[in-house]
Amino acid sequence: MGMRAGEARLSIDCGSASTVAVLAWADGSASDLSFDGAPYLPSAVYVAADGQVWTGQRAWQAAGEQPSRFIPNPRRPVVDDLSVDSTGVDELDLAAAPLRRVAAEAERTTGGPLRDVRLVVPAGWGPRRRTWMRQVAHRAGLPQPRLVEAPVAVAEHLLAGGARWPVGSFIVVSDVGAGAEVTVLRRGPAGFEVLATLADPAAGGTAIDHALAAALTDGRDVSDAGTGQWVMAQTVRAAKEALAAHPAVTVPLPDRAPVVANSAMLDEAARPVLQRVAQLTCEAIAAAELTAADLAGIYCVGGSAHLPQLATVIAEHAGVTPTVIVEPGSAAARGAAGAGAAGPTVGPPAPPWRAWWRCQCRRYGAPSPSRCPASRPWP
């Protein structure tokens, strides 16, 4: 690339469901790292019989055969030792596996190790969890990272994209991924200050996935799907993302004939969850002792921010129409990297699910997206 590895900065946003990584270069440019053909790495891991920890699509594929060895969210500190099918595992190794995969890809891209690493963490994490995250980074072979709070990183990303907020302005960052975290920020002369932050792990994409899965399987919860439960979970997640852009899609199921999901089903599954996000938004604003009139804006980010109802439901509750920024899943990682924005930060996000969806259609016998009448128009 014509640059030394040490001149690049690696920023990692390791979320509960997905890990996003960005390389920022000395000239201000930035690029997202890709994994298995996708612009993110699933955070889930699989513990093989020999104790090795697998990541990415390899982990998800193995989960279909032995779901008891699959860990969907390793980014949670635990006190007790873990055992997976009588195999003892170190919880730091589990959490470090996605970071180790990211580090390997970054070094392959840059041609050598990186010295400057940023890790995105939730604003609500206290000293214990932050120390734990540093230990995870060390176990992954990364240098001592700088921790950046997710909403602060998002605000910096928006500034780089042309946002104009005078010092003293208040903004709200509604981060909706697997769960939700809503944070009120004040722009000070030296950066952004967190005034209030509220989180609910049940107010995000995971809860919506469960509700949509129940609708697709006539009330059968995704957690009861036996050896196909994780295949089902990934299929439903892809269907949810596709329905954000299309009125209907054909959903391949692992244990029955394909079914058609439509936007009305997604709306019904998502609305109670998004109402909770809106409630968190109002509560966070109140906790900061502000009103909607005090805000310079509400900004939605995270892997589930693309859901069409989100902005409408928040506007109904908070009285302010929020802005869903471009590529909401990578906004925090880009902001933490300190990279200049390549373009405007608001607009329609690009769907990351297309290639994987075609693979699942072939695997389970559904019509290919290009031929499926229920899913047209297909990008």
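Quantities reported herein were computed from a predicted structural model and do not represent experimental measurements. (Residues numbered from 1 in each chain as written. Predicted model: local features only at pLDDT ≥ 70, side-chain atom pairs only at ≥ 80, totals over all residues. Heavy atoms only, no water.)

1. Quick notes on the sheet that holds strand β5 (residues 45-47)
Right, on to step 1. Pairing is antiparallel in the open sheet, where three strands are placed in the order β6-β5-β7. The sheet is open, and its two borders are formed by β6 (53-55) and β7 (70-71), each paired with just one other strand.
Right, on to step 2. For β5 and β6, the ladder comprises three bridges, and the chain directions are antiparallel. Across the sheet, the residue bridging to Val45 is Thr55, located in β6.
Right, on to step 3. Of the strands in this sheet, β5, β6 and β7 are in contact with helix α1 (residues 56-63), which crosses β6 at around 110 degrees.
Right, on to step 4. Helix α2 (residues 91-110) rests against β5, β6 and β7 of the sheet, and its axis sits at about 50 degrees to β6. (Pairing = 2+ DSSP bridges. Helix = DSSP H or I, 4+ residues; strand = E, 2+ residues; numbered from the N terminus. Contact = heavy atoms within 4.5 Å. Axes fitted to C-alpha atoms, helices over the stretch in contact; angles between N-to-C directions.)

2. A closer look at the pairing of strand β17 (residues 295-301)
Right, on to step 1. Taking burial as the measure, the seven residues of β17 include six buried ones, the bulk of the element.
Right, on to step 2. Sheet topology places β17 next to strand β18 (residues 323-324); two bridges connect them, and they run parallel. From the neighbouring strand, Tyr299 faces β18, where its bridge partner is Thr323.
Right, on to step 3. Traced from β17 through helix α8 (residues 309-318) to β18, the parallel crossover comes out right-handed. (Buried < 20%, exposed > 50% of the residue type's maximum accessible area, 1.4 Å probe, protein only. Right-handed = clockwise from strand over helix to strand, strands pointing away.)

3. Some remarks on the packing of aromatic side chains
Right, on to step 1. Scanning the entire structure with this criterion turns up five aromatic pairs.
Right, on to step 2. Relative to Trp132, the ring of Trp125 lies with its centre 6.5 Å away and its plane at 70 degrees, an arrangement referred to as edge-to-face. The same class applies to Trp125 as to Trp132, namely buried.
Right, on to step 3. Aromatic side chains Trp165 and Phe192 sit 6.0 Å apart centroid to centroid with 85 degrees between the ring planes, which places their arrangement in the edge-to-face category. (Phe/Tyr/Trp six-rings, centres within 6.5 Å; stacked < 30°, edge-to-face > 60°.)

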